[in-house]
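Inside the fold
Residue strings, one per chain:
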Amino acid sequence: MLGKLIKYEFRATQRTILPLLAASLVLGVLANFSMRSIGREHSVFVQVLTSALLMFFGLSIFACLLMSLVMMIQRFQRNLLTDEGYLMFTLPVSVHALLWSKLIVSVVWFAAAGVVCLLSMFTSVVHVDLIGEIGPLLHSLFTELPPGTVATAAEILLLLLLGSICTCLLFYAAMATGFSFARHKWLLSVLCFFALCIIGQIFGVSTMTSWIGSSVSVFADDAMKMVQWTLLITSVTLVVYSALLYLLTWFMLRRRLNLE
């Protein structure tokens, strides 16, 4: 049933975000051509067109990132915390399945928006003649990397994934808590969001401070090892905090649900 929920969630969200992702890629290519044409053409029309394309390109990147966040908040609130919740919670699925379907789809769209934005920025500046040299350049880059760089890059990607999950759960927990009250639901959700952020900051800073203080002397001669272990501790901290946010969200939806 979880697969069906994820499929339905993708169908409901792709109509909004896919056009934005496609527009960002197209505008990146157009921005590339327009910036190269400005060196050959000095007319006012070309300059105005280039400026407009660059402006729309920047707006498209911002819109992709913003819409993925807005859509994540909107889908959770509409499906689970309003009248639609009466239908969703009568389905023969658990609260865990409902939560995981929202979480998986939101994280996928976060990742897609990030990849597309990076690809769009790359296509907006890369020279056409250099495209054929990207493969050999990447090969030589990976063969000459210092030991441990690939592992560090993998840990950074894992940290980004965990950060996306934690961000979603932070909003979910805040909304599930705020909407459990009878009045001022959005105001209380915002207050819960900031309260959870403060708690997370205290938890993260205290954990990292104690770790760095105890590891400086141990990894004094190996900076790469210290970076890797710091990333690992940060990932574990995010996992623990995300688990607590998940449990809070589940409890509020399971025990304190107050639909509009």
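Located above this text is the structure these notes cover.
This one's a predicted model, so the numbers in the text were calculated from it and none came from an experiment.

A word on the overall build of the protein chain
Of the regular secondary structure elements, the protein chain holds eight helices and zero strands. Starting at the N terminus and walking to the C terminus, you meet the elements of the protein chain as α-α-α-α-α-α-α-α. The proportion of buried residues among the 260 residues of the protein chain is 37%. For the protein chain, long-range pairs separated by at least 24 residues make up 80% of all intrachain contacts whose partners lie at least 6 apart in sequence. Surface summary for the protein chain: the accessible area is close to 15100 Å², and the carbon and sulfur share equals 75%.

So, the pattern of salt bridges
In total, this model carries two salt bridges according to the counting rule given. In this structure, glutamate 9 and arginine 75 form a salt bridge, with 2.9 Å as the shortest nitrogen-oxygen distance. With glutamate 9 in helix H1 (residues 2-37) and arginine 75 in helix H2 (residues 44-81), this pair connects stretches of sequence that are 66 residues apart. Glutamate 9 gets classed as buried once you look at its relative accessible area, which sits at 4%. A residue is classified by how much of its surface remains accessible, and arginine 75, at 16% relative accessible area, is buried.

Looking at a nonpolar patch on the surface
Together, Phe203, Trp229, Leu232, Val236, Val240, Leu244 and Leu247 line one region of the surface with nonpolar side chains, adding up to about 600 Å² of accessible area. Tallying contributions element by element places helix H8 (residues 223-255) first for the nonpolar patch, with six residues. Here leucine 232 shows up in helix H8.

Quick word on the state of the cysteines
As enumerated under the stated definition, the model contains zero disulfides in all. Of the cysteine sulfurs around cysteine 117, a residue in no disulfide, the closest is that of cysteine 64, at 4.8 Å. The thiol sulfur of cysteine 168 is not disulfide-bonded, and the nearest other cysteine sulfur, from cysteine 166, lies at 9.4 Å.

Some thoughts on the nonpolar core
Within soluble globular proteins, side chains that are nonpolar tend to cluster in buried spots. By size, the foremost hydrophobic cluster in this structure holds 36 residues, and its most contacted members are Phe76, Tyr172, Met175, Leu245 and Leu253. Of all elements in the fold, only H2, helix H4 (95-125), helix H6 (149-178), helix H7 (185-215) and H8 reach the threshold of two or more residues within this core. Broken down by element, this core gets its largest block of residues, 11 residues, from H6.

Structural notes on the packing of aromatic side chains
The full count for this structure, using the stated rule, is six aromatic pairs. For the ring pair phenylalanine 76 and tyrosine 172, a centre distance of 4.3 Å and an interplane angle of 15° mean the geometry is stacked. Within this pair, whereas phenylalanine 76 is found in helix H2, its partner tyrosine 172 is found in helix H6, the two being separated by 96 residues in sequence. Seen in terms of ring centroids, phenylalanine 193 and phenylalanine 194 are 5.7 Å apart; in terms of plane orientation they differ by 75°. Their pairing is edge-to-face. Given a relative accessible area of 19%, phenylalanine 193 falls into the buried group.

Some details on the packing of H4 against H6
At a closest axis distance of 10 Å, the pairing of H4 and H6 adopts a crossing angle of 130°. The orientation of H4 with respect to H6, classified from their angle, is oblique. Handedness of the crossing formed by H4 with H6: right-handed. Residues Leu99, Lys102, Leu103, Ser106, Val107 and Phe110 of H4 form the contact with H6, whose participating residues are Leu161, Ser164, Ile165, Cys168, Leu169 and Tyr172.

Some remarks on unusual backbone geometry
In this model, histidine 184 sits at a positive phi of 55°, which is unusual for a non-glycine residue. Looking at the element boundaries, histidine 184 is found in the loop between H6 and H7. Here histidine 184 falls in the exposed class, since its relative accessible area comes to 52%.

What counts and what doesn't
- All residue numbers refer to position in the chain's written sequence, counted from 1.
- Local features are withheld for residues below a pLDDT of 70 in this predicted model, meaning they are given only at 70 or higher, and side-chain atom pairs are given and counted only at 80 or more; totals for whole chains, interfaces and linings count all residues.
- Side-chain descriptors were evaluated using all non-hydrogen atoms of the structure, hydrogens and water having been removed beforehand.
- Going along the chain from the N terminus, every DSSP run of H or I of four or more residues is numbered as a helix, and every run of E of two or more is numbered as a strand.
- Accessible area is worked out with a 1.4 Å probe on protein chains only. A residue is then buried under 20% of its type maximum, exposed over 50%, and partly exposed in between.
- Should any heavy atoms of two residues lie within 4.5 Å, those residues are counted as being in contact.
- For the area figures, the Shrake-Rupley method with a 1.4 Å probe applies, and any residue is considered shielded solely by the protein chains shown.
- Definition used for salt bridges: Asp or Glu carboxyl oxygen within 4 Å of a side-chain nitrogen of Lys or Arg.
- Patch rule: a residue counts if its relative accessible area is over 30% and it has no salt bridge; like charges are joined within 9 Å, and nonpolar side chains (Val, Leu, Ile, Met, Phe, Trp, Tyr) within 5 Å.
- Two cysteine sulfurs form what is called a disulfide whenever their separation falls within 2.5 Å.
- What is meant by a nonpolar core is a set of buried Ala, Val, Leu, Ile, Met, Phe, Trp, Tyr and Cys residues, joined one to another through side-chain atoms within 4.5 Å.
- Side-chain rings of Phe, Tyr and Trp, where Trp is taken by its six-membered ring, are said to pair if the distance between their centres is within 6.5 Å; with planes under 30 degrees apart they count as stacked, over 60 as edge-to-face, and otherwise as tilted.
- A fitted line through C-alpha atoms serves as each axis, taken over the contacting stretch for helices, and the angle formed by two N-to-C directions is quoted from 0 to 180°.
- Roughly parallel here means an angle under 35 degrees, roughly antiparallel means over 145, roughly perpendicular means 65 to 115, and every remaining angle is called oblique.
- Note on convention: near helix rotated counterclockwise from far helix by under a right angle means a left-handed crossing. Clockwise means right-handed.

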